[in-house]
Amino acid sequence: MGMFLIISNIILALSAALGIYGFSHSVIWAALGTFVITSAASSNPIYALLAYPVIEYLFNNGHLTVFSAITVGLTLLQFVAVIKLAGERRW
């Protein structure tokens, strides 16, 4: 389970960086945006579900790309996996 979360966080960071780079054409903004979005994903999944699609919608002239769908899908998958893992734990 730990390896799944590590790999999915790496994929989440790469998809957010590629999406931000797609509309900003700046490596600096892509790196900063990725740090903001992936740190929000680890602290508050509800914010993470909304943050990247809203940012992309506002700054990409109202268009959403496949990177937005990948980040939302991975965040939901992580959310379900963590809930399942917490349900299986017996204290």
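The shown structure was predicted, so the numbers you read here are calculated from the model rather than taken from an experiment.

To continue, consider the overall build of the protein chain. Counting secondary structure elements, the protein chain contains four helices and zero strands. If you list the helices and strands of the protein chain from N to C, you get α-α-α-α. The buried share of the protein chain, reckoned over its 91 residues, is 29%. Excluding contacts between residues fewer than 6 apart, the proportion of contacts in the protein chain whose partners are at least 24 apart in sequence is 55%.

So, about the packing of helix α1 (residues 2-24) against helix α4 (residues 66-88). Here α1 crosses α4 at 160 degrees, and the two axes come no closer than 9 Å. In this view, α1 runs roughly antiparallel relative to α4, as classed from their interaxial angle. Remark: the crossing between α1 and α4 carries left-handed chirality. Taken together, the residues of α4 that come into contact with α1 (itself represented by F4, L5, S8, N9, I11, L12, S15, A16, L18 and G19) are F67, I70, T71, L74, T75, L77, Q78, A81 and V82. Taken together, the residues of the contact of α1 with α4 sort by class into 12 nonpolar, seven polar and no charged.

Our next topic: a nonpolar patch on the surface. The grouping of M3, I6, I7, I10, I11, L14, V66 and I70 at the surface amounts to a nonpolar patch, some 740 Å² of accessible area in total. For the nonpolar patch, the elements supplying multiple residues, two or more each, are α1 and α4. The element best represented in the nonpolar patch is α1, accounting for six residues. With respect to the element layout, M3 can be found in helix α1. M3 gets classed as exposed once you look at its relative accessible area, which sits at 55%.

Attention now goes to the packing of aromatic side chains. Tallied over the entire structure, the rule returns one aromatic pair. Ring geometry for F23 against F59: centres 6.3 Å apart, planes inclined by 10 degrees, an arrangement best described as stacked. Linking F23 in helix α1 with F59 in helix α3 (residues 45-59), this pair joins segments that are 36 residues apart in sequence. Of the residues examined, F59 reaches a relative accessible area of 58% and is grouped as exposed.

The rules we used
Residues numbered from 1 in each chain as written. Predicted model: local features only at pLDDT ≥ 70, side-chain atom pairs only at ≥ 80, totals over all residues. Heavy atoms only, no water. Helix = DSSP H or I, 4+ residues; strand = E, 2+ residues; numbered from the N terminus. Buried < 20%, exposed > 50% of the residue type's maximum accessible area, 1.4 Å probe, protein only. Contact = heavy atoms within 4.5 Å. Axes fitted to C-alpha atoms, helices over the stretch in contact; angles between N-to-C directions. Parallel < 35°, antiparallel > 145°, perpendicular 65-115°, else oblique. Left-handed = near helix turned anticlockwise from the far one by under 90°. Nonpolar A, V, L, I, M, F, W, Y, C, P; charged D, E, K, R; others polar. Patch = residues over 30% accessible without salt bridge, like charges linked within 9 Å, V, L, I, M, F, W, Y side chains within 5 Å. Areas by Shrake-Rupley, 256 points an atom, 1.4 Å probe, with all protein chains shown as cover. Salt bridge = Lys/Arg side-chain N within 4 Å of Asp/Glu carboxyl O. Phe/Tyr/Trp six-rings, centres within 6.5 Å; stacked < 30°, edge-to-face > 60°.

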